[in-house]
2 protein chains.
Amino acid sequence: MPDASTPRSDYSDTERQIFDAALQVFAREGRHGARMQAIADAADINKAMLHYYFRDKKTLYEEVFAHTVRRFMASFGESLEEAPTFEETLRVFIDGYVEFVRSDEAAMRLMVQENLAGGSLLGKHLREATKSGEAPPQILVDTIAAASEAGEIRSVDPHHTVLSVISTCLFFFVARPTVEIMHPDAAGDWGAFVEVRKEHLFDLIYHGLAP
Amino acid sequence: MPDASTPRSDYSDTERQIFDAALQVFAREGRHGARMQAIADAADINKAMLHYYFRDKKTLYEEVFAHTVRRFMASFGESLEEAPTFEETLRVFIDGYVEFVRSDEAAMRLMVQENLAGGSLLGKHLREATKSGEAPPQILVDTIAAASEAGEIRSVDPHHTVLSVISTCLFFFVARPTVEIMHPDAAGDWGAFVEVRKEHLFDLIYHGLAP
DNA sequence: GTCTGGTTCAACCAAATGGTTAACCGTTAC
DNA sequence: GTAACGGTTAACCATTTGGTTGAACCAGAC
């Protein structure tokens with residue numbers, strides 16, 4: 001993944017190297033498990049540089065996390081395209097959202113880890129990442145509510161439905177090692193598996209919502 | 001949660017105290033982030049006792065993890081009851097599985113963390129936990145395949161369908177802090193939210209599979 | 001040339017952490 | 001009584017880890 005993370009554009013080369021390395025290591029080892037030395041090694045720089053560019057571990061983590069939340073929210077919004085039918089909207093969203101996670105699994109791991117750890121940073125950064133304009137998830141909720149109103153789909157709770165869509169799009173990445181054990185063809189060709197899975201998810205959810 | 005974990009019955013009182021405390025701390029802080037002192041404090045014992053009963057951190061973690069995998073698999077199987085219709089089977093499974101996770105969120109966190117960290121321990125312990133008889137997930141796959149064959153539900157890929165069911169049953173626990181931010185009533189009364197969610201999940205999936 | 005600013009590095013330090021030890025306590029066996 | 005034993009404790013040790021420092025490096029400005 002050559003340019004999966006796209007950190008803030010005002011980062012220098014070294015800062016970007018550090019940022020990318022930190023994201024990978026934090027995502028694998030966890031906020032506390034990650035060692036500064038491991039990040040330095042991954043970034044192929046001296047450990048002192050970490051503290052030169054980012055004050056300390058806490059600062060580095062929060063910087064990485066804050067940007068990850070922004071990226072995650074942005075991808076959610078970008079996956080939501082205006083489409084003539086709800087069917088098309090749903091198909092495009094699943095495709096876009098899953099594709100984003102596939103291109104940047106580390107970001108997803110970071111988000112999930114923060115949730116598992118209690119999510120104390122989530123409140124501030126989630127609100128901050130969605131304050132300009134309506135939050136992307138809310139737009140999807142509204143889209144579903146509208147489709148329900150228009151009779152395009154059954155009458156369902158839009159909030160719960162959005163949560164279900166997100167669940168199915170993300171969980172198989174979260175549990176990827178388990179999936180690869182249980183699901184032989186996933187281990188063989190993950191990319192192909194993801195493609196099949198997108199089809200299956202659209203099919204299941206669309207039928208689940210059809211009148 | 002007074003007796004959520006039910007470790008091996010041949011554990012002494014102190015061992016159980018340690019085991020329960022370790023599960024909680026490992027689940028919150030992660031395998032590496034967890035501090036032995038924190039586990040000792042949570043178990044209300046001296047730190048040396050951890051090493052007296054379980055050789056070292058690695059041993060303690062693997063013991064806790066192995067038992068958690070077993071418990072997780074067992075709950076999966078126990079949620080699968082013979083029922084006259086597939087509709088009833090699905091309803092009972094969702095109810096049972098969600099209820100298990102609610103009663104022992106720490107176990108779920110451990111499983112997910114191991115997946116996020118790469119799942120190197122999963123292979124061995126998953127196989128071991130499912131070697132006696134057919135694996136519970138496989139039974140559900142067969143059940144869905146049979147229902148599909150019998151025309152009770154649409155023709156779908158049983159493996160993908162099982163993964164979707166599991167995704168929706170687990171993910172809202174995984175992302176609980178985020179859910180509580182986005183979903184006001186979840187924050188207020190989690191128990192009530194879980195009940196509503198079970199209904200929604202059954203409804204969505206059952207319609208998604210209906211012919 | 002050399003001064004100056006930001007950048008890079010190896011060596012270093014203090015604190016935290018996993019793990020050990022030797023003494024201690026309470027109960028049981030003789 | 002006391003010796004032996006499982007269990008418990010505080011103090012201790014060795015290593016790891018986050019973080020610092022001071023010297024070196026390397027442009028470009030003058």
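Residues numbered from 1 in each chain as written. Chains lettered and ligands numbered in written order. Predicted model: local features only at pLDDT ≥ 70, side-chain atom pairs only at ≥ 80, totals over all residues. Heavy atoms only, no water.

Help me understand the overall build of chain A, please; the structure alone is not making it clear to me.
From N to C terminus, chain A includes 12 helices and 0 strands. Its helices and strands taken in sequence order, chain A reads α-α-α-α-α-α-α-α-α-α-α-α from the N to the C terminus. Along the three orthogonal principal directions, the C-alpha set of chain A runs to about 60 × 45 × 30 Å. Here chain A holds 211 residues, and 53% of them are scored as buried. Within chain A, residue pairs in contact and separated by at least 24 positions form 67% of the contacts whose partners lie at least 6 positions apart. Surface summary for chain A: the accessible area is close to 9,200 Å², and the carbon and sulfur share equals 51%. Across chain A, the centroid of the 21 positively charged side chains sits 9 Å from that of the 33 negatively charged ones. (Helix = DSSP H or I, 4+ residues; strand = E, 2+ residues; numbered from the N terminus. Buried < 20%, exposed > 50% of the residue type's maximum accessible area, 1.4 Å probe, protein only. Contact = heavy atoms within 4.5 Å. Areas by Shrake-Rupley, 256 points an atom, 1.4 Å probe, with all protein chains shown as cover. Lys, Arg positive; Asp, Glu negative; His and termini not counted. Charge placed at Lys NZ, Arg CZ, Asp CG, Glu CD.)

Help me understand the relation of the copies chain B and chain A, please; the structure alone is not making it clear to me.
Of the transformation placing chain B onto chain A, the axial shift is 0.0 Å and the rotation is 180°, giving an RMSD of 0.0 Å. In symmetry terms, the pair is related by a two-fold rotation axis. Considering only C-alpha atoms, the residue of chain B closest to the rotation axis is G208 of chain B, which sits at 1.7 Å. Of the residues that chain B buries at the interface, 100% are likewise interface residues in chain A, meaning the two copies contact each other through the same surface. (Least-squares fit on C-alpha atoms with pLDDT ≥ 70 in both.)

Got a minute to help me understand the side chain of H160 of chain A in this structure?
Assignment of secondary structure puts H160 of chain A in helix α9 (residues 158-174). Judged by relative accessible area, H160 of chain A falls into the buried class, the value being 2%. Those residues in contact with H160 of chain A that lie beyond four places of it in its chain are H183, F193, V196, R197 and H200 of chain B.

Got a minute to help me understand the protein's contact with DNA strand D in this structure?
The full set close to DNA strand D counts 14 residues, and M36, K47 and K57 of chain A together with N46 and M49 of chain B are the nearest of them. Considering DNA strand D, the proportion of its atoms within 4 Å of the protein that are sugar or phosphate atoms stands at 63%. Within the contact set of DNA strand D, a phosphate oxygen lies 3.3 Å away from a backbone nitrogen or oxygen of A34 of chain A. For the surface near DNA strand D, the elements supplying multiple residues, two or more each, are α3 (47-53) of chain A together with α3 (47-53) of chain B. Element by element, the count of residues in the surface near DNA strand D is highest for α3 of chain B, at 4 residues. Across the surface near DNA strand D, the residue classes tally to 7 nonpolar, 3 polar and 4 charged. (Near = heavy atom within 4 Å. Polar contact = N/O pair within 3.5 Å; in protein donor to acceptor, adjacent residues only side chain to side chain. Nonpolar A, V, L, I, M, F, W, Y, C, P; charged D, E, K, R; others polar.)

Even after reading the chapter, I still don't get the interface of chain B and chain A, so can you show me in this structure?
Interfaces are frequently sized by the accessible area removed from exposure as the parts join. Counting residues at the interface gives 53 residues for chain B, matched by 53 residues for chain A. On the chain B side of the interface with chain A, the three residues burying the most area are L116, H160 and F171 of chain B, jointly 17% of the side's total. Inspection of the chain B/chain A interface yields 2 salt bridges. Note that R154 of chain A and D203 of chain B form a salt bridge whose closest N and O atoms lie 3.0 Å from each other. If you list the elements that add at least two residues to the side of chain B that touches chain A, you get α1 (13-29), α6 (105-116), α7 (122-130), α9 (158-174), α10 (176-182) and α12 (190-209) of chain B. Counting residues per element, the side of chain B that touches chain A draws most heavily on α9 of chain B, at 12 residues. Across the side of chain B that touches chain A, the residue classes break down as 25 nonpolar, 18 polar and 10 charged. (Buried area = accessible area lost by both parts, 1.4 Å probe. Salt bridge = Lys/Arg side-chain N within 4 Å of Asp/Glu carboxyl O.)

When you look at the protein's contact with DNA strand C in this model, what are you seeing that I'm missing?
The environment of DNA strand C is made up of 14 residues, and the closest members are M49, Y52 and Y53 of chain A together with K47 and K57 of chain B. Considering the 4 Å shell around the protein, atoms of DNA strand C inside it are sugar or phosphate in 62% of instances. Y52 of chain A places a side-chain nitrogen or oxygen 3.0 Å from a phosphate oxygen of DNA strand C. At 2.8 Å from a phosphate oxygen of DNA strand C is found a main-chain nitrogen or oxygen belonging to K57 of chain B. Of all the secondary-structure elements, those providing two or more residues to the surface near DNA strand C are α3 of chain A together with α3 of chain B. The class makeup of the residues in the surface near DNA strand C is 7 nonpolar, 3 polar and 4 charged.

I would appreciate a short explanation of α7 of chain B in the present structure.
Residues of α7 of chain B that are buried: L122, G123, H125, L126 and T130 of chain B. The inward-facing, buried residues of α7 of chain B contact α10 (176-182) of chain A together with α4 (57-78), α6 and α8 (136-149) of chain B.

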